[in-house]
2 protein chains.
Amino acid sequence: MKIIGVKTPLLKAGDDLIQFIIKNIPSLSEGSVVVVTSKIVALAEGRLAPLSAKEAIIKRESKEVIETPYGFLTLTKDGWCVNAGVDESNAKDGLILLPLDAFQSAEVLCRSLRQKFKIKKLGVLITDTKSVPLRVGTVGRALGFAGFQPLRSYINKRDLFGRKSRFTESNLADSLAAAAVLLMGEGSERVPLAVIQEAPVTFVGVGTSQTTKLSLPPQLDIFRYVFSRASSPRAKKKPKR
Amino acid sequence: MKIIGVKTPLLKAGDDLIQFIIKNIPSLSEGSVVVVTSKIVALAEGRLAPLSAKEAIIKRESKEVIETPYGFLTLTKDGWCVNAGVDESNAKDGLILLPLDAFQSAEVLCRSLRQKFKIKKLGVLITDTKSVPLRVGTVGRALGFAGFQPLRSYINKRDLFGRKSRFTESNLADSLAAAAVLLMGEGSERVPLAVIQEAPVTFVGVGTSQTTKLSLPPQLDIFRYVFSRASSPRAKKKPKR
C-alpha cells in the first residue's frame, strides 16, 4: 500500500472542489482511493461562520450537547465529537464547520473523478481528525466515503487452525483515514489531499456503501462499563494529567 | 509512505523472533519502521495458556476487571482492553496472551535489527487490534514501540493564517499501527510483519521513547461525559444493535 500526500495551494471558500482536486492530482490509476480533508470540503461548501457565533453554531449543528470543562461534547449525524467539529484552525477569519453531508460529498466527488479519469475502481474518503477515547492524542477517522466497502467481515471465517472467528469486522475506512492523516498533518502542512494505492479494499458502485455508518451509540458500547467507574463527570474544573 | 505486508511461514511457540524477522525481511533501509503483531511476539515469548484457564488468566493479567455481557473489560499496563488481550484466534491449542512487556520487546528487537542491518534510523512497532470506543469495528493500535517519537506536538505551532494551534498532539504510533494492521489482517492472512518506509516520524535512540505511554485514564477523558449519559451499565443482557 502506498500513500502519497499532495501539497496544494490554498483553497479559497467557495472554490470548485472537483477542479481543485483535478488540478492537484493530474493522474489517477485504477484501484486508488482519493483522500480529502473535511476542512477543504467544508470550505468549498462555504460552511463558514464568524468566531462570535461559535456557541450558537455548535448548538445548531448538534443533536445533543454536553458542556464539559474541555469544551462541548456534541452528537452530530457523524457521531460524538468535540464542538461539533467547528474549528478555528486554518480558518482565515472565523470558523470552519464540518461538511453538510460528508457521505453525499464523497459520492459526488467519486462519481466525478471516476468519469474524469475514466476509471471504475476508485474510492473517495473524507477525513476528520478526532480524539480517541482512552488514548492520548488525535488520529484520523473517516467522516464520509464512497466507492469502497468500509468494513471487512471475519464473521464465520476460519483462522490458521480452522477455528471460526469470533471477530466481527475490521474498520478499514478509519484505518485508511488514520494512515492518510499522518501525512496530511494538522498544522500548516498544506497537504489537504492524498492518494492511496493498493489499499486492501473492495471497490463498489457509488451510492452503495454509504448506508453503513461507523458510529457506535454509547449505550451499545462495551467501554461504557469503564467510564461508569471513572470519577464523577460533574467536576467543573479540568483534572490535572 | 509505503507499507509492505510480509507473508511468512508460521512461527512456532518459542521460536527465535529475531531470526524469524531477519529470515522474512532480508533487507531493510535507513528510515524504516518494522511492524510486528503482538501475537507472534507473545508466541515467541511462550505466552500461552490452556483454554480451560481463560478466566483465571484474564484476571491474573489485569489490574482491574469489569464483567460485562460482552466479556471482561480489563485494565492492563497497556490500558483498557477486552479480556486482557487473551485470545483464542490463531492459537493452535489454547490461548495466546499479550507480550509480557511490549515496550521492552520492541527495544530488544530495535537494537538487534539496527545492529544486524547496520542502520541508525529504524523503528519497531508492536501492534494489537482493538475495538475503538464509539466506533464500529476494530482498528490497529500501538502496543509497544522503540526508536521513534510516538507523538507529534502542535502546541504553540502556527496554522496557515498564523494562529497558534490549540491542538496538543497527533498520535503517530497508533496511526502507523492502524495502517499496518490493515495489511496484516485479523484472520488467516499469515502476514504478521510489515515494513513502513518514509513514515513521517522522528527517529530517536532506542530506550528514549518508551516512557511515553499512549493510554488515557477514563477519569481524564472528555468522552466520559458521553458515557455518563448512556443507558445503565448494569444490564445483564446484550442490547440489540
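Since the structure is predicted, the reported quantities are computational estimates derived from the model, not experimental observations.

Student: Explain the sheet that holds strand β4 (residues 64-68) of chain A here, please?
Tutor: Strand pairing in a sheet relies on backbone hydrogen bonds, with the paired strands running either antiparallel or parallel. All names here are of chain A. The strand order β4-β5-β6 describes an open sheet built from three strands, whose pairing is antiparallel. At either end of the open sheet lies a strand with only one pairing partner, and these are β4 and β6 (79-82). Across the sheet, the mean angle from the axis of one strand to that of its neighbour is 20°, orientation sign disregarded. Here strand β5 (residues 71-76) runs beside β6; their pairing, made up of four bridges, is antiparallel. Counted as the bridge partner of Leu73 is Val82 from β6.

Student: Honestly, the relation of the copies chain B and chain A in this entry has me stumped. Any pointers?
Tutor: Note that the two copies of the chain are related through a rotation about an axis and a translation along the same axis. If you rotate chain B by 180° and push it 0.0 Å along the axis, it lands on chain A with an RMSD of 0.0 Å. Such a combination of rotation and displacement between the chain copies is what one expects of a two-fold axis. In terms of proximity to the rotation axis, the leading residue of chain B is B:Lys2, whose C-alpha is 2.2 Å off the axis. The share of interface residues of chain B whose copies in chain A are also at the interface is 100%, consistent with both copies meeting through the same surface.

Student: Honestly, the environment of A:Ala102 in this entry has me stumped. Any pointers?
Tutor: Residues and elements named next belong to chain A. By the secondary structure assignment, Ala102 is in helix α4 (residues 102-117). According to the relative accessible area criterion, Ala102 is buried, its value standing at 2%. Ala102 sits 61 residues away from Val41 along the chain, and the two C-alpha atoms are 8.2 Å apart. When residues no more than four places from it in sequence are discounted, the contact partners of Ala102 are Ile126, Leu143 and Gly144.

Student: What should I look at first to understand the interface of chain B and chain A in this one?
Tutor: How big an interface is tends to be stated in terms of the accessible area lost upon association of its parts. Contact residues are listed per partner, giving 87 residues for chain B and 87 residues for chain A. Both faces combined, the contact of chain B with chain A buries some 8,700 Å², and carbon together with sulfur accounts for 62% of it. Per-residue buried area on chain B facing chain A is highest for B:Arg135, B:Leu182 and B:Tyr225; these three make up 10% of the total on that side. A:Arg135 is paired through a salt bridge with B:Asp174; the nearest N and O atoms lie 2.7 Å apart. Here chain B and chain A share 23 residue pairs in polar contact (both at pLDDT 80 or more) between them.

Student: Looking at this structure, how should I read unusual backbone geometry?
Tutor: Leaving glycine out, the prevailing phi sign among residues is negative, and the prevailing peptide bond configuration is trans. Residue and element names in this part refer to chain B. Look at Lys118: it is not a glycine, yet its phi comes out positive at around 50°. Residue position: Lys118 is located in the loop between α4 (102-117) and β8 (122-131). Residue classification places Lys118 among the exposed residues on the basis of a relative accessible area of 73%. With a phi close to 60°, Glu198 is a non-glycine residue in the positive phi region. Looking at the secondary structure, you find Glu198 in the loop between β12 (193-197) and α6 (224-227). Classification of Glu198 as exposed rests on a relative accessible area of 61%.

Student: Help me understand the UniProt feature "domain: Coenzyme F420:L-glutamate ligase-like" (unreviewed entry) in chain A in this model?
Tutor: Mapped onto this structure's residue numbering, the UniProt feature "domain: Coenzyme F420:L-glutamate ligase-like" (unreviewed entry) falls at residues 5-53 and 58-197 of chain A. Split by type, residues 5-53 of chain A is 31% helix and 20% strand. Its first and last C-alpha atoms lie 33 Å apart.

Student: Would you mind going over the packing of helix α5 (residues 172-184) of chain A against helix α5 (residues 172-184) of chain B with me for this structure?
Tutor: The description of two helices packed together rests on the angle between their axes and the distance between the axes. Where α5(A) contacts α5(B), the two axes come as close as 8 Å, and the packing angle between them is 130°. Taken as axis vectors, α5(A) and α5(B) run oblique relative to one another. Considering how the two elements wind past one another, α5(A) and α5(B) form a crossing that is left-handed. Judged by residue contacts, A:Leu172, A:Ser175, A:Leu176, A:Ala178, A:Ala179 and A:Leu182 of α5(A) engage B:Leu172, B:Ser175, B:Leu176, B:Ala178, B:Ala179 and B:Leu182 from α5(B). Split into classes, the residues belonging to the contact of α5(A) with α5(B) amount to ten nonpolar, two polar and no charged.

Student: Whenever I open this one, the pairing of strand β2 (residues 32-37) of chain B confuses me. Can you help?
Tutor: The two faces of the sheet receive side chains in turn, since in a regular strand these alternate between them. Residue and element names in this part refer to chain B. In terms of burial, β2 is a largely internal element, six of the six residues being buried. In β2, alternate side chains face the same way, and those of Ser32, Val34 and Val36 on one face and Val33, Val35 and Thr37 on the other are all buried. Relative to β8, β2 runs parallel, the two sharing six bridges. Residue pairing across strands places Ser32 opposite Leu122, the latter belonging to β8. Relative to β12, β2 is paired through five bridges, and the arrangement is antiparallel. Considered in β12, the bridge of Val35 is made with Ala194.

What counts as what
Residues numbered from 1 in each chain as written. Chains lettered and ligands numbered in written order. Predicted model: local features only at pLDDT ≥ 70, side-chain atom pairs only at ≥ 80, totals over all residues. Heavy atoms only, no water. Pairing = 2+ DSSP bridges. Helix = DSSP H or I, 4+ residues; strand = E, 2+ residues; numbered from the N terminus. Axes fitted to C-alpha atoms, helices over the stretch in contact; angles between N-to-C directions. Least-squares fit on C-alpha atoms with pLDDT ≥ 70 in both. Contact = heavy atoms within 4.5 Å. Buried < 20%, exposed > 50% of the residue type's maximum accessible area, 1.4 Å probe, protein only. Buried area = accessible area lost by both parts, 1.4 Å probe. Salt bridge = Lys/Arg side-chain N within 4 Å of Asp/Glu carboxyl O. Polar contact = N/O pair within 3.5 Å; in protein donor to acceptor, adjacent residues only side chain to side chain. UniProt positions renumbered as here; feature names shortened; annotations may be inferred. Parallel < 35°, antiparallel > 145°, perpendicular 65-115°, else oblique. Left-handed = near helix turned anticlockwise from the far one by under 90°. Nonpolar A, V, L, I, M, F, W, Y, C, P; charged D, E, K, R; others polar.

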